[in-house]
Amino acid sequence: MDLSYSAEDIAFRDEVRAYLAENLPEHMSKAVREGGELTKEIMEEWHAILNRKGWLATIWPKEFGGPGWSPVQKHIFEEECCRAYAPRIVPFGLSMLGPVLQKFGSKEQQDYYLPRILNGDDWWCQGYSEPGAGSDLASLKTRAVRDGDEWVINGQKTWTTLGQHADWIFCLCRTDPEAKQQEGISFILVDMKTPGIEVRPIKLIEGGHEVNEVFFTDVRVPYGNLVGKENKGWTIAKYLLTHERTGIAGVGFSMQALEEVKALARKTLRNGRPLIEDPLFASRIAKAEIDLEAMKITNLRMLFKAQQQGAPGPETSILKIKGTVIHQELKDLARRALGPAAAPFPGYITDGNLMFGPAETAHNAARYFNNRKTSIFGGSNEIQRNILTKTMLEL
Amino acid sequence: MDLSYSAEDIAFRDEVRAYLAENLPEHMSKAVREGGELTKEIMEEWHAILNRKGWLATIWPKEFGGPGWSPVQKHIFEEECCRAYAPRIVPFGLSMLGPVLQKFGSKEQQDYYLPRILNGDDWWCQGYSEPGAGSDLASLKTRAVRDGDEWVINGQKTWTTLGQHADWIFCLCRTDPEAKQQEGISFILVDMKTPGIEVRPIKLIEGGHEVNEVFFTDVRVPYGNLVGKENKGWTIAKYLLTHERTGIAGVGFSMQALEEVKALARKTLRNGRPLIEDPLFASRIAKAEIDLEAMKITNLRMLFKAQQQGAPGPETSILKIKGTVIHQELKDLARRALGPAAAPFPGYITDGNLMFGPAETAHNAARYFNNRKTSIFGGSNEIQRNILTKTMLEL
Amino acid sequence: MDFNLTEDRQMLADTLNRFLADQYPVEHRNKVAYDAPYHDPKLWDALVELGTLYALAPEEAGGMGGTGFDISVVFEALGRQITPEPILGALMASRLLTAAGADQDALLSGASKYAVAFTELDAAYDLDQIATTATAKGDAYTLSGRKSTVYGGQVADIFLVAAKLNGKLALFKVAAADANVTGYALMDGAGAAELLLDDTPAALLLADATAAMQDAIDAGIVALCAEAVGAMDVTHAITVDYLKQRKQFGIAIGKFQVLQHRAVDMLTEIEQSRSIVIKAAAELGGDDASRYASMAKNLIGRSARLIAEEAVQMHGGIAMTWEYPVSHYAKRLVMLDAQLGDTDYHLARVMDGYKAA
Amino acid sequence: MDFNLTEDRQMLADTLNRFLADQYPVEHRNKVAYDAPYHDPKLWDALVELGTLYALAPEEAGGMGGTGFDISVVFEALGRQITPEPILGALMASRLLTAAGADQDALLSGASKYAVAFTELDAAYDLDQIATTATAKGDAYTLSGRKSTVYGGQVADIFLVAAKLNGKLALFKVAAADANVTGYALMDGAGAAELLLDDTPAALLLADATAAMQDAIDAGIVALCAEAVGAMDVTHAITVDYLKQRKQFGIAIGKFQVLQHRAVDMLTEIEQSRSIVIKAAAELGGDDASRYASMAKNLIGRSARLIAEEAVQMHGGIAMTWEYPVSHYAKRLVMLDAQLGDTDYHLARVMDGYKAA
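Rules and cut-offs
Residues numbered from 1 in each chain as written. Chains lettered and ligands numbered in written order. Predicted model: local features only at pLDDT ≥ 70, side-chain atom pairs only at ≥ 80, totals over all residues. Heavy atoms only, no water. Helix = DSSP H or I, 4+ residues; strand = E, 2+ residues; numbered from the N terminus. Rg over C-alpha atoms; globule rule 2.2 N^0.38 Å. Buried < 20%, exposed > 50% of the residue type's maximum accessible area, 1.4 Å probe, protein only. Contact = heavy atoms within 4.5 Å. Lys, Arg positive; Asp, Glu negative; His and termini not counted. Charge placed at Lys NZ, Arg CZ, Asp CG, Glu CD. Axes fitted to C-alpha atoms, helices over the stretch in contact; angles between N-to-C directions. Parallel < 35°, antiparallel > 145°, perpendicular 65-115°, else oblique. Left-handed = near helix turned anticlockwise from the far one by under 90°. Nonpolar A, V, L, I, M, F, W, Y, C, P; charged D, E, K, R; others polar. Phe/Tyr/Trp six-rings, centres within 6.5 Å; stacked < 30°, edge-to-face > 60°. Lys NZ or Arg CZ within 6 Å of the ring centre and 35° of its normal. Salt bridge = Lys/Arg side-chain N within 4 Å of Asp/Glu carboxyl O. Polar contact = N/O pair within 3.5 Å; in protein donor to acceptor, adjacent residues only side chain to side chain. UniProt positions renumbered as here; feature names shortened; annotations may be inferred. Buried area = accessible area lost by both parts, 1.4 Å probe. Disulfide = S-S within 2.5 Å. Domains from an automatic or database assignment.

K.L.:
Mind showing me how you'd approach the overall build of chain C here?
P.N.:
When helices and strands are tallied, chain C shows 11 helices and 9 strands. In terms of overall size, chain C behaves like a compact globule, its C-alpha atoms giving a radius of gyration of 20 Å where 357 residues would be expected to give roughly 21 Å. The C-alpha extent of chain C, read off along each of the three principal axes, is 80 × 50 × 40 Å. Classification of the 357 residues of chain C by burial places 67% in the buried group. Once local pairs closer than 6 in sequence are excluded, the contacts in chain C between residues at least 24 apart make up 72%. Distance between charge centroids for chain C: 6 Å, based on 29 positive and 47 negative side chains.

K.L.:
Any chance you could explain the packing of helix H1 (residues 7–23) of chain C against helix H4 (residues 68–80) of chain C here in plain terms?
P.N.:
A pair of packed helices is captured by two measures, namely the crossing angle of their axes and the spacing between those axes. Residues and elements named next belong to chain C. Following both chains from N to C, one finds H1 and H4 inclined at 15 degrees, their axes separated by 9 Å at the closest point. Taken together, the axes of H1 and H4 lie roughly parallel to each other. When the axes of H1 and H4 are compared, the crossing they make is right-handed. The segment H1 lies against H4, with Arg9, Leu12, Ala13, Leu16, Asn17 and Leu20 engaging Phe69, Asp70, Val73, Val74, Ala77, Leu78 and Arg80. Per-class residue counts for the contact of H1 with H4 are 9 nonpolar, 1 polar and 3 charged.

K.L.:
Sorry if this is basic, but what is going on with the packing of aromatic side chains here?
P.N.:
The geometry of two aromatic rings is summed up by the distance between their centres and the angle between their planes. Enumeration over the complete set of coordinates arrives at 46 aromatic pairs over all chains. When the ring of Trp55 of chain B is compared with that of Phe77 of chain B, the centres are 5.8 Å apart and the planes differ by 80 degrees; the resulting orientation is edge-to-face. On the criterion of sequence distance, the pair formed by Trp55 of chain B in the loop between helix H3 (40–53) and helix H4 (71–83) and Phe77 of chain B in helix H4 is long-range, its members being 22 residues apart. Using a relative accessible area of 6% as the deciding quantity, one classes Trp55 of chain B as buried. Here Phe77 of chain B falls in the buried class, since its relative accessible area comes to 6%. In this structure an aromatic cluster arises from ring pairing among Tyr112, Tyr113, Trp124, Tyr128, Trp168, Phe170 and Phe187 of chain A. Lys103 of chain B extends its terminal NZ or CZ atom over the ring of Phe104 of chain B, reaching a point 5.9 Å from the ring centre. For Arg200 of chain B, the ring lying beneath its charged end belongs to Phe215 of chain B, and the centroid distance is 3.9 Å.

K.L.:
Would you mind going over helix H10 (residues 325–335) of chain D with me for this structure?
P.N.:
Side chains of residues three or four places apart in an α-helix project in the same direction, reflecting 3.6 residues per turn. H10 of chain D sits mainly inside the fold: 10 of its 11 residues count as buried. Along H10 of chain D, the residues classified as buried are Val326, Ser327, His328, Tyr329, Ala330, Lys331, Arg332, Leu333, Val334 and Met335 of chain D. Among the structural elements, helix H10 (317–338) and helix H11 (364–370) of chain B together with helix H2 (26–34), helix H4 (68–80), helix H7 (210–245) and helix H9 (289–315) of chain D are those in contact with the buried residues of H10 of chain D.

K.L.:
Got a minute to help me understand the interface of chain A and chain D in this structure?
P.N.:
Many authors give the size of an interface as the accessible area that is lost as the parts come together. Every contact between the two is made by 43 residues of chain A and, on the other side, 42 residues of chain D. If you look at where chain A meets chain D, you find 5 salt bridges. Here Glu271 of chain D and Arg301 of chain A are joined by a salt bridge, their closest N and O atoms 2.5 Å apart. Joining chain A to chain D, the criterion identifies 17 residue pairs in polar contact (both at pLDDT 80 or more).

K.L.:
Explanation requested: the UniProt feature "domain: Acyl-CoA oxidase/dehydrogenase middle" (unreviewed entry) in chain C in the structure shown.
P.N.:
The UniProt record marks residues 115–184 of chain C with the feature "domain: Acyl-CoA oxidase/dehydrogenase middle" (unreviewed entry), using the residue numbering of this structure. Annotated as residues 115–184 of chain C, this span is 0% helix and 59% strand, and its ends, taken at the C-alpha atoms, are 14 Å apart.

K.L.:
Would you mind showing me how to read the interface of chain A and chain C here?
P.N.:
The interface is formed by 49 residues belonging to chain A together with 50 residues belonging to chain C. Surface buried jointly by chain A and chain C totals about 4,200 Å² across both partners, of which 62% is contributed by carbon and sulfur atoms. Its largest share of buried area at the contact with chain C, chain A owes to Ile205, Pro340 and Leu354 of chain A, together 16% of the area lost on that side. At the junction of chain A and chain C, the tally comes to 7 salt bridges. Taking the shortest distance from any N to any O, the salt bridge between Glu309 of chain C and Arg372 of chain A comes out at 3.3 Å. Linking chain A to chain C there are 13 residue pairs in polar contact (both at pLDDT 80 or more).

K.L.:
Would you mind showing me how to read the state of the cysteines here?
P.N.:
Defined simply, a disulfide is a covalent bond joining two cysteines at their sulfur atoms. Residues and elements named next belong to chain B. Inspection of the entire model under this criterion finds 0 disulfides over all chains. Between Cys125, a free cysteine, and Cys171, which holds the nearest cysteine sulfur, the sulfur-to-sulfur gap is 7.6 Å. A residue is classified by how much of its surface remains accessible, and Cys125, at 0% relative accessible area, is buried.

K.L.:
Can you walk me through the domain arrangement of chain A in this structure?
P.N.:
All names here are of chain A. Domain annotation of chain A identifies domain 1 (7–89), domain 2 (124–231) and domain 3 (248–393). For domain 2 versus domain 3, the distance between C-alpha centres works out to 32 Å. Between domain 2 and domain 3, the contact holds 6 residues from the first and 8 residues from the second. Buried surface at the junction of domain 2 and domain 3, summed over both partners, amounts to about 530 Å²; 55% is from carbon and sulfur atoms. At the boundary of domain 2 with domain 3, the tally comes to 1 salt bridge. In this assembly, domain 2 and domain 3 are joined by 3 residue pairs in polar contact (both at pLDDT 80 or more). Along the lines of polarity and charge, the residues of the side of domain 2 that touches domain 3 split into 2 nonpolar, 2 polar and 2 charged.

K.L.:
Looking at this structure, how should I read the domain arrangement of chain C?
P.N.:
All names here are of chain C. According to the domain assignment, chain C consists of domain 1 (7–107), domain 2 (114–208) and domain 3 (212–356). For the pairing of domain 2 and domain 3, the buried interface totals around 1,100 Å² over both sides, and the portion due to carbon and sulfur atoms is 73%. The largest share of the area that domain 2 buries against domain 3 comes from Tyr125, Tyr151 and Asp188, three residues that together contribute 55% of it. Two residues, Arg332 and Asp188, come together in a salt bridge whose shortest N-O distance is 2.7 Å. Along the contact surface separating domain 2 from domain 3 lie 1 residue pair in polar contact (both at pLDDT 80 or more). Residues belonging to the side of domain 2 that touches domain 3 are distributed by class as follows: 9 nonpolar, no polar and 2 charged.

If you want it as structure tokens, here you go:
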């Protein structure tokens, strides 16, 4: 039993930390700290910086351009990126489609798409969810019908994150309507410029534009855009759901959030003294911090086990459940700490003289509401409990 | 909208209060305060005192010897009894069998049993639960077979509260094994002195003897001990389950518990100051007190509604769920307040010089554990939620 | 003991509920709540017309109500449609004007909109921390300081401002035209303003205003808590309805026991919330008003967050969208915690009572 | 980074688990835990024989372990059988004797039983509040005061007693034979004693003992928390098994989704508990030992109560009986909160760190 990093890992951490200090532009970390929506430019610029260093596709095998890191190194890298307030890497091309193509794609698909993902030539988005098929993916209805050398796609996808920026979308489509629910689904790549595609924004609870609906009307794409075997898309979907789950605890983001809450509670006066000296508020912080300290170890334990076994087990659902609960609690505390100063709708107070505090706090209420999503998407916490019931408890 | 009692009700409350101050013997209220198990003698003596005053069978109609009180008066009486630390009235004869005989019993049964209940001639206990049929009463297995003018009973009852003192038991028995689950059950009265009955104590978690198993081996009782119609016992059981539910919030007991916790937290020193000045502990008390204040009104609202409609509705399950949660929380606080001084097994410290504090506190840990039962018995809180799901949410 | 509403109040409740349900569908509400002036002036007039403001003041002040139950009836109805009209300010101002013995015809007739300016950046909830100062200039006064998140301030004609005068908290009347007012929308809809005072002329209403301010806050808390109960009722009803309609894995999600029990727990907390509001309303104006107001605000702070978060979670993605009403109810339920003292602030006030005893 | 146990520790764990499962079934445990002397002297000897005590002390003090992980391995095994042997006192005494540079052969060989007497009626958890006084008589000392709920004190040969000497907390050795000791059983089984000191002769071990006492407490907390994890694991396993076996309304109650999700939440909290114990064990002896010990004790205080209460509730009546093992696990899990500082006490210690920063 040894919780400390090896000397090599510490050297690696120092290297990453130094690199970030040198290469992460300040306007980017500032934008991340302030908590508003990031622009497409910031995200693309940061991708390009990491790609030049060879640190973009951290989970790809070396042969495809990954850095060849161990799970612990990947974890350290993620932690350091959070610590430095680096922009999040948009996951759809790098963390989702990339591994899928590497495992299920043809040589031609790999050769064409993977370098373009690294270069930032293609911005990918995900076409999984549909109205009426959220956590219950198997009931999806979007049809793809073969017509000679083409697929003809009709249907609707929803919750398409950052689809407004996307060049390509990877979709699950029903290709055999006679087959049972999870059979007869195929995984197909679609160029967003194809005629018949319409993207409509979904305004979220806090007013932001992050997700979209995507409508397909007689959209024709080459048959060769199929990934893997026809009607075997469910295998790919399942692979993606269990692949690379250790990041789902969001420990780095919670550590950010904890630091923010503490800083805020030191600056805010309540009843004439710093809020952090208020026993009720301090006890809320302390409970969250303790849960987070435990979660750090839980996360490392599962990382270690995944490293030993080659793949994460079903117990990683614990990371999703508890990780989101902790993060949401911290976001709640940030909003609470501001009190009435959290009430203004973001964007209304732009006059420096009228601001309520540091710019980082302007989005606190918005972030609290937006983050309610984390216990819903990627398999809601209820679905995660169902998974644990079956796999860990065998009930 | 008017929360205050009428002038008549206030006069009634004053009368009850004065009567209790005068007539409740101090050794009884002391025993109740100390929280140990009450002796049979105390319970019987208190019954007799109330019976002499005509205040024993508070929920019985006047014709059978009840005082003819309104629901509000009954509520006031219960509240005042708690306030004075009067012993609880053992409910099996007075609150359960009494109303059953009044509604379903024959004239002969009423004339014979009801006066004996009032006089304390018969101590009754309840034969409902069986091993394997707790919340799921309809699956009970105890058989009663008619043999001429007699029933022959075989089977086992459990959780028979205070059965060790009982002269009689009222039982649900299966009388038609061919009928569907809830059909074919009958309600039969059994003299505990009948040959073939064996009572075995069940030792509870905290070491106390409060409940029993009762075994029936070829127990023969007269056919006339049947109450109501043969095979229609389920109607009686249901009647009892929905009858007189407003007391289930246990508001009076929670008010007792709250006062005890506050008194204890004033006396106990923690970190050199009274525990009630510790913000974390005080906040636990305050939350429970607020929930209890709300529960008092919720209880009165449902009482008022029952009074207007003639019978309590299914929403009274809310009283059971929240009432037990609040009471259990207060019992937890009493144990917490004592800290290590709650650890000794009750009865081991009898030497006055070695006691840890006032005698009232000696049973705090035992009471906390014993009271875990309240969310289990009388239809567990899970069953109550199922009831509310069906009746109030119609899901 | 009687838990029925009086006939008059029942009629007022029915009238308001019908009117708002009819004239104020949620799409319209969302439009006006986020577009300047962050409420609907026509609706304001109509609500005034229906007697809403008169219900908030006692007869001796020119109104027709003013008890805790009058207030809770009005605000529960407003809460059911998460109405962003600046009526809370009118209520609190009316209490203050009544305490000062000042005329309030213009307020009750809806001719002038009032806002109450207690809060400052470093005095979110606690009156003791108010730092705005008043200076006497002959018979007149001027005020200096910043009042923050003044609810309804974006459309107020008159502000009632708390400021320090000779070491005491005093209450002043400031015309919006004399002050530097910046209005803005709120996260949960409706508007507020920052009020910058810099030797701003003001009229003294009460030289020692603490008791009157506390009464206004207690009344405001009853109003907010009743509003929350109305909003929770609707949120719960929409959620239960959704559980019946929405299918997953081929069956209505309302058949999943986990969601059933959680919906029951929401119901339980709503009933408890309704009860504590009744209690606080009954005590308003009495010796224990502040204590029960604190209890109510704490319990509502806990239950409203629970109902908001559970409603969103049990809906899933749909309730994360602007288009679906529950998102707006959730925002209102969560954000009202930061008005007039939050969950922790009021819990601490209840705890303070233990020391005294 | 390595989350596997070393081979030695794994072997110790396996040995203890096998031995206790075999020799210490719950019926036997319940018998000895509630009958004087409230433990099983034969089992004590056997555990000593297996090297249990040596695992708790470092080599320089004559042991073969003594790190946080050695401690957690031993106590997790003890917790799985809710073993009432007085080993916690031995661990804490060993830390104190090590700090004092005193010989501990008699302790490690099991020849002498030690108990640690810090707690007093008005000093449940906080060392600052200890009021027992020491008086120097030439080179010798006497102590006066009352030590309360001294765990294991009912069978101790030697007490290590904290008392005030010249305004500082000092540590003394008191022979049981010299003191007035009243032993008794505990609610959750095992025993403790009241120790009445009245000019009782004592030998000084440490004149300034606060740091050593804090280290002993930190080590004791790691032990208690590991014990809790062992007990929670077993409680959860019994509960899940019961959900599979027990039928209601014709189906296994483990098919009810509400119980499934609650069993999952128990699992989650147990895994979090295991994690925080690993962290506290890793930090034991370092600069941040007390901070992480406080974190562990707080989290365990919350999770152990949850697991105990949920296990009982999900079982229903059966777990309310003395006969069914879960009742005893539940008692241990709840009652250990009051040893070495409860949930609130340790949360406040974590909060104190925020002020300093």
